[in-house]
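# Coordinate inspection notes
The chain contents come next:
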Amino acid sequence: MNLLQPDPGLLFWMLIAFGIVFFVLAKWGFPVILKMVDERKAFIDKSLLAAKEANERLENIKEEGEKILSQARAEQLRLLSEAKLLREKIVEEAKTQASLEGGKLLKKANEDIQNAKNAALSEIRAEVAVLSVQIAEKVMRQKLDNHAQQTAMIDRLLDEMNIHKS
Amino acid sequence: MNVFFKKIFFSLFLFLIAGMGSIFAQDNHQSMAQKAEQMDVTELILEHVSDAYWWHIITINKKDIAISLPIIVRGSDGKWHLFSSSHFEYGHADYLGFSIAAEGKYKGKIVETNTDGEEIRPLDFSLTKNAVSLLFTSTLLIILVLSCARWYKRYKVEESSPKGFVAAMELLITTLLDNVIKPCIGKNYARYAPYLLTVFFFIFINNLIGLIPIFPGGANVTGNIAFTGVLAVFTFVIVNIFGTKEYWKEIFWPNVPWWLKIPAPIMPAIEVVGMFTKPFALMIRLFANILAGHAIVLGLTCMIFITVSMGAAMNSAMSVLSVLMTIFIDVVELLVAFIQAYVFTLLSAVFIGLSQVKGHHAKD
């Protein structure tokens, strides 16, 4: 059959065509492409590895940061509680100091008052004594003069005293 | 999706109407051309799948429009002749003692009639339809692959990854590399990858161009035994030239009971035959698949013209059926175009891989 017989002319052209195509593509075509594909694959693998490492590092950094943060928080708590204690202590001290001082002042004031009172009382006593002596002097002088007058004098004195009393 | 189907049905409807118009037009000629219309389908299909000395494009009003191709022959006088195939007037005329045989052993080929009146075949290196198609697709393939390679040269790995056509080519290349070449050949794959990739793309592009029915395509290049034969020979040569010692040992002294080898070398004989049947199977498989594809499409198309004599109704019904089936087969052929290229490459890779065997002890 005609179809199964290869035609020598076509065989020749096929040999030439395929030979040239094979030569050109095997020299300048596919090796370039294959090389680049391999290189890109290597590059992608490398990039993936680098990305993985970076991720891991990031994870570490995050963990570290959290650790530092929690430490800081604990420190803060500790400081706060310390400060609170200190404040309470200071306030307490101030309070005792104040009450001690107040007590002292009060005591001193009381003493002063007492002193003033005593002084006033002794002054009054002295005045009363002087007055009594003066009255007694006047009475003594009147008695020596006249009886009637003595009586009047006594009345008047009594009145005066009453008036004073009332 | 609905719109899509509507469009398809609408175009089919239009086609049907147009088809009926042409059928009615044909009816007028029918009585006159009835004999001519009763065409020989086998002849027509064989003519279309065979090689030709001109590139037939279309026939209008019984006038053939074709591209004449250069004829290169060496006559019995030892002189080379180069002339256009238009001198043969599609096989109706002689030129310089050469003619195209109408029948006989060399039917459709250029023959030279010697003094005894016998037809002898001269050395014929004419650029036939298949040869021209082959040169065209080869140029196309070289341009396509080199343009891809240029892209890779222009951009650095870190800069950019390919897009569009280059990416599609890379997809095919990496698929073949990872699924076929590496697993079949093993660690030595880089040496054979360019050959196998060239084979794949060469077959694939010729298959695809062959499926295009109009001018630059349509030649049945991959369905020609010369085409598949040369490829098979290339694979055969590569398999046997780079075969390892172990490969040759397994052919001539295989690991079988001695009585299969000593008195009569039964196993070696089978192995030697096997050496040749492998590439032979490659050759026949590709040839038969593509030839059958072209023949089916042509046969289905011919259905329209065969049923002309059965009346307009039958003819239009068969025309619709024919178009639907042809579309279906054409889509299948697209798949086959890829699959056959893939299978040829795969089997070539397997045969090369088999010739790369190392001794069983030397494994790993």
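The structure under discussion appears in the preceding block.
To start, this report covers the structure provided alongside it. (Residues numbered from 1 in each chain as written. Chains lettered and ligands numbered in written order. Predicted model: local features only at pLDDT ≥ 70, side-chain atom pairs only at ≥ 80, totals over all residues. Heavy atoms only, no water.)

### Structural notes on the side chain of Glu170(B)
Here is the rule we go by: Strands here are runs of E lasting at least two residues and helices are runs of H or I lasting at least four, both read from the DSSP assignment and numbered beginning at the N terminus. Relative accessibility thresholds used throughout: buried, under 20% of the residue-type maximum; exposed, over 50%; partly exposed, between the two (1.4 Å probe, protein chains only). In this description, contact between two residues means that some pair of their heavy atoms is separated by no more than 4.5 Å.
Along the chain, Glu170(B) turns up in helix H4 (residues 164-185). Given the relative accessible area of 12%, Glu170(B) is considered buried. Ignoring anything within four residues of it in the chain, the contact list for Glu170(B) reads Val37(A), Arg40(A), Tyr152(B) and Pro162(B).

### Overview of the nonpolar core
Convention followed: Side-chain atoms within 4.5 Å link the members of a nonpolar core, which is a set of buried Ala, Val, Leu, Ile, Met, Phe, Trp, Tyr and Cys residues.
Counting 68 residues, the largest nonpolar core has Ile181(B), Phe202(B), Phe227(B) and Leu231(B) as its most contacted members. Secondary structure elements with two or more residues in this core: helix H1 (8-143) of chain A together with helix H3 (129-154), H4, helix H5 (189-211), helix H6 (225-241), helix H7 (245-252), helix H8 (266-306) and helix H9 (312-355) of chain B. Per-element tally for this core: the top contributor is H5(B), with 15 residues. Setting aside anything within four residues of it in sequence, one finds Ile181(B) in contact with Leu176(B), Gly186(B), Tyr189(B), Ala193(B), Leu196(B) and Leu197(B). One finds Val49(B), Ala232(B), Leu291(B) and Leu298(B) within the second-largest nonpolar core, a separate group that totals 11 residues.

### Some details on the packing of helix H2 (residues 41-49) of chain B against H8(B)
Residues and elements named next belong to chain B. Let me state the cut-off plainly: Note on geometry: axes are lines fitted to C-alpha atoms, helical ones only across the stretch in contact, with angles between N-to-C directions running from 0 to 180 degrees. Oblique is the label for any angle not under 35 degrees, not over 145, and not in the 65 to 115 range, which are roughly parallel, roughly antiparallel and roughly perpendicular in turn. Crossings are sorted by hand: turned counterclockwise from the far helix by less than a right angle, the near helix makes the crossing left-handed, and turned clockwise it makes it right-handed. Classification convention: Asp, Glu, Lys, Arg as charged; Ala, Val, Leu, Ile, Met, Phe, Trp, Tyr, Cys, Pro as nonpolar; all other residues, Gly among them, as polar.
Their axes nearest at 10 Å, the elements H2 and H8 cross at an angle of 140°. Looking at the two axes, H2 sits oblique to H8. The interaxial crossing formed by H2 with H8 has right-handed handedness. Packed against H2, whose contacting residues are Val41, Leu44, Ile45, His48 and Val49, the element H8 presents Leu291, His294, Ala295, Leu298, Gly299, Cys302 and Ile306 at the interface. Of the residues contributing to the contact of H2 with H8, the split by class is 9 nonpolar, 3 polar and no charged.

### Digging into the side chain of His294(B)
Residues and elements named next belong to chain B. Assignment of secondary structure puts histidine 294 in helix H8. Judged by its relative accessible area of 13%, histidine 294 is buried. If sequence neighbours within four positions are ignored, histidine 294 has contacts with Val49, Gly210, Gly218, Ala219 and Asn220.

### Focus on the packing of aromatic side chains
For clarity, the threshold we go by: Working definition: rings of Phe, Tyr and Trp (its six-membered ring) pair if their centres are within 6.5 Å, and the pair is stacked with planes under 30 degrees apart, edge-to-face with planes over 60 apart, and tilted otherwise.
By the definition in use, this model includes 26 aromatic pairs over all chains. Here the aromatic rings of Phe18(A) and Phe234(B) are separated by 4.7 Å at their centres, their planes lie at 75°, and the arrangement is edge-to-face. In this pair, Phe18(A) is assigned in helix H1 and Phe234(B) in helix H6, connecting two distinct chains. The pair formed by Phe18(A) and Phe234(B) is uniform in burial state, with each residue classed as buried. Between Phe200(B) and Phe338(B), the aromatic rings sit 5.7 Å apart at their centres with planes inclined by 80°, giving edge-to-face as the arrangement. Of the two residues, Phe200(B) is situated in helix H5 and Phe338(B) in helix H9; the sequence distance between them amounts to 138 residues. Through a chain of ring-to-ring contacts, three or more aromatic side chains come together here, namely Phe18(A), Phe22(A), Tyr195(B), Phe202(B), Phe227(B) and Phe234(B).

### Section: the sheet that holds strand E7 (residues 119-120) of chain B
Selection criterion: Two strands qualify as a pair provided that DSSP identifies no fewer than 2 bridges between them.
One open sheet holds the 3 strands; their spatial order is E5-E6-E7 (chain B), and the pairing between them is antiparallel. Two strands lie at the open edges of the sheet, namely strand E5 (98-100) and E7 of chain B, each paired on one side alone.

### Concerning the environment of Trp54(B)
Residue and element names in this part refer to chain B. Looking at where tryptophan 54 falls in the secondary structure, it is placed in strand E1 (residues 54-60). In this structure, the C-alpha to C-alpha distance between tryptophan 54 and isoleucine 352, residues 298 residues apart in sequence, is 39 Å. Excluding residues that lie within four positions of it along the chain, tryptophan 54 makes contacts with Ala66, Ile67, Ser68, Leu69, Ser85, Phe88, Tyr90, Gly91, Ile100 and Lys129.

### Concerning the pairing of strand E4 (residues 80-84) of chain B
Residues and elements named next belong to chain B. Burial along E4 is one-sided: the face carrying His81 and Phe83 is buried and the face carrying Trp80, Leu82 and Ser84 is not. Sheet topology note: the strand E3 (residues 70-74)/E4 ladder contains 5 bridges and is antiparallel. Paired with isoleucine 72 across the bridge in E4 is leucine 82. Between the end of E3 and the start of E4, which pair antiparallel, lie 5 residues, with glycine 78 showing a positive phi angle near 85°.

### Considerations on the interface of chain A and chain B
Selection rule: Simply put, the buried area is the total loss of 1.4 Å probe accessible area from both parts when two parts are fitted together. Counted as salt bridges are all cases of a side-chain nitrogen of Lys or Arg within 4 Å of a carboxyl oxygen of Asp or Glu. What qualifies as a polar contact is a pair of N or O atoms within 3.5 Å, subject to a donor-acceptor requirement within protein and to the restriction that residues adjacent in sequence count only when both atoms come from side chains.
Listed per partner, the contact involves 35 residues of chain A and 53 residues of chain B. Between chain A and chain B, the buried area comes to about 4,000 Å², and carbon and sulfur atoms account for 82% of it. Across the salt bridge formed by Asp7(A) and Arg121(B), the nearest N and O atoms sit 2.8 Å from each other. Linking chain A with chain B are 5 residue pairs in polar contact (both at pLDDT 80 or more).

### Notes on empty space enclosed by the protein
Residue and element names in this part refer to chain B. What counts is decided by this rule: For cavity detection a 1 Å grid was placed over the protein atoms alone, and a set of points counts as a cavity when a 1.4 Å probe fits there but cannot get out; an open set counts as a pocket when protein lies on both sides within 12 Å along at least five of seven lines, with lining residues being those that have an atom within 4 Å of a point. Grid points are joined across faces, edges and corners, and a volume is the space filled by probe spheres set on the points.
Tallying each qualifying case throughout the model produces 3 cavities of 30 Å³ or more. Estimated volume of the largest cavity: approximately 80 Å³. Around the largest cavity, the lining residues are Thr235, Phe236, Val239, Asn240, Tyr247, Met275, Lys278, Pro279, Leu282 and Phe351. Of all the secondary-structure elements, those providing two or more residues to the lining of the largest cavity are H6 and H8. Considered class by class, the residues forming the lining of the largest cavity number 7 nonpolar, 2 polar and 1 charged.

### Side note on the sheet that holds E3(B)
Residue and element names in this part refer to chain B. What the 3 strands build is an open sheet, ordered E4-E3-E8; its pairing is antiparallel. Edge positions in the sheet fall to E4 and strand E8 (123-124), since each of these pairs with one other strand and no more. In this sheet, E8 lies alongside E3 in antiparallel orientation, the contact comprising 2 bridges. Bridging across to E8, valine 73 finds its partner in aspartate 124.

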